[in-house]
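Fold and geometry: a report
One letter stands for each residue in the lines below.
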Amino acid sequence: MIYAYDKVYLRIAQRNLGEMLSYAVYDLGYELEDYYKRFLQSEYSVRFSKGDLFVITGMSGAELAIRVLDIPDDDIIMPSYNTAKSQEYWTGWILAYYQWENGRTFEMIDKDIPICKIRNMYNPYHEMDISSAILKLREMSQVSRAETYLKKLRKRAGISQSVLAEETGIPVKTIQQYEQRRKDINKAQVEYVVRLSKALCCEPQDILEDGKSHPHHP
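Just so it is clear, the model here is predicted, and its values are computed rather than measured.

Criteria and cut-off values
- Residues numbered from 1 in each chain as written.
- Predicted model: local features only at pLDDT ≥ 70, side-chain atom pairs only at ≥ 80, totals over all residues.
- Heavy atoms only, no water.
- Helix = DSSP H or I, 4+ residues; strand = E, 2+ residues; numbered from the N terminus.
- Buried < 20%, exposed > 50% of the residue type's maximum accessible area, 1.4 Å probe, protein only.
- Salt bridge = Lys/Arg side-chain N within 4 Å of Asp/Glu carboxyl O.
- 1 Å grid on protein atoms, 1.4 Å probe; cavity = no way out; pocket = protein on both sides within 12 Å on 5 of 7 lines; lining within 4 Å.
- Points joined across faces, edges and corners; volume = space filled by probe spheres on them.
- Nonpolar A, V, L, I, M, F, W, Y, C, P; charged D, E, K, R; others polar.

So, unusual backbone geometry
Following Asn 123, the chain continues into Pro 124 via a peptide bond in cis, with omega recorded as 15 degrees. Within the fold, Pro 124 resides in helix H9 (residues 122–125). Of note, Asp 70 is a non-glycine position whose phi angle comes to about 55 degrees, a positive value. Taking relative accessible area as the criterion, Asp 70 reaches 64% and is therefore assigned exposed. Positive phi, normally seen in glycine, also occurs at Cys 201, with a value near 55 degrees. By secondary structure assignment, the location of Cys 201 is in the loop between helix H14 (190–199) and helix H15 (204–207).

Here's what the structure looks like:
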């Protein structure tokens, strides 16, 4: 197995990711999902995934959150919450280990397991050995990856295939074929991908399957 970076840095990475999420929620007042989306959109998400030592060990979790949000020096709030006891700390702690083990980026992991689902594992997994939580995350990822991103995003939005077809002007049969992988969404017309992403309130790349080509013009 190829890990994201040397294990000697793993405990620091776990602590810092946990502190980052706790600081963002309890000191800065962000909802976990809102802050984590900002993290995923930042360069620090990719750098952390690749084991950039400056990001995973060169600063505290609070400093990392400050950099992600680009907070001016005069507006910085000193950490005050006992992060080690929060659900958000545990969420970052377990997520850092899972990312280190499988080597996928945080963005790719989030497509399969949203951050809120990891936090919801806190009870009872925070009282168990770490291996139990990691095994559960693997199972969740396997189940999730059996579905296309298009289907997951549609279900998350709470709309049917027929409603999505009406909103996008794309035939319902075509949507069904994309969700069943009978047609490759990565080879769809750009216009189709853009329409779907707008209807599902996501970015076009969120609909594409991992490791495949990008959509093309007709």
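Let us keep going from here.
Looking at the pattern of salt bridges
Tallied over the full model, the rule gives eleven salt bridges. A salt bridge links Asp 52 to Arg 47, with the shortest nitrogen-to-oxygen separation between them at 2.8 Å. Classification of Asp 52 by relative accessible area gives partly exposed; the value is 24%. Arg 47 gets classed as partly exposed once you look at its relative accessible area, which sits at 24%. The shortest N-O distance in the salt bridge between Glu 191 and Arg 195 comes to 2.3 Å.

Here we look at the layout of surface pockets
Of the volumes computed, that of the largest pocket is approximately 730 Å³. In this structure, the largest pocket is lined by 23 residues; those nearest its centre are Lys 37, Leu 40, Asp 110, Arg 156 and Asp 206. Taken together, the elements giving at least two residues each to the lining of the largest pocket come down to helix H2 (32–41), helix H7 (106–112), helix H8 (115–119), helix H11 (149–157) and H15. If one sorts the elements of the lining of the largest pocket by residue count, H2 sits on top with six residues. Taken together, the residues of the lining of the largest pocket sort by class into eleven nonpolar, two polar and ten charged.

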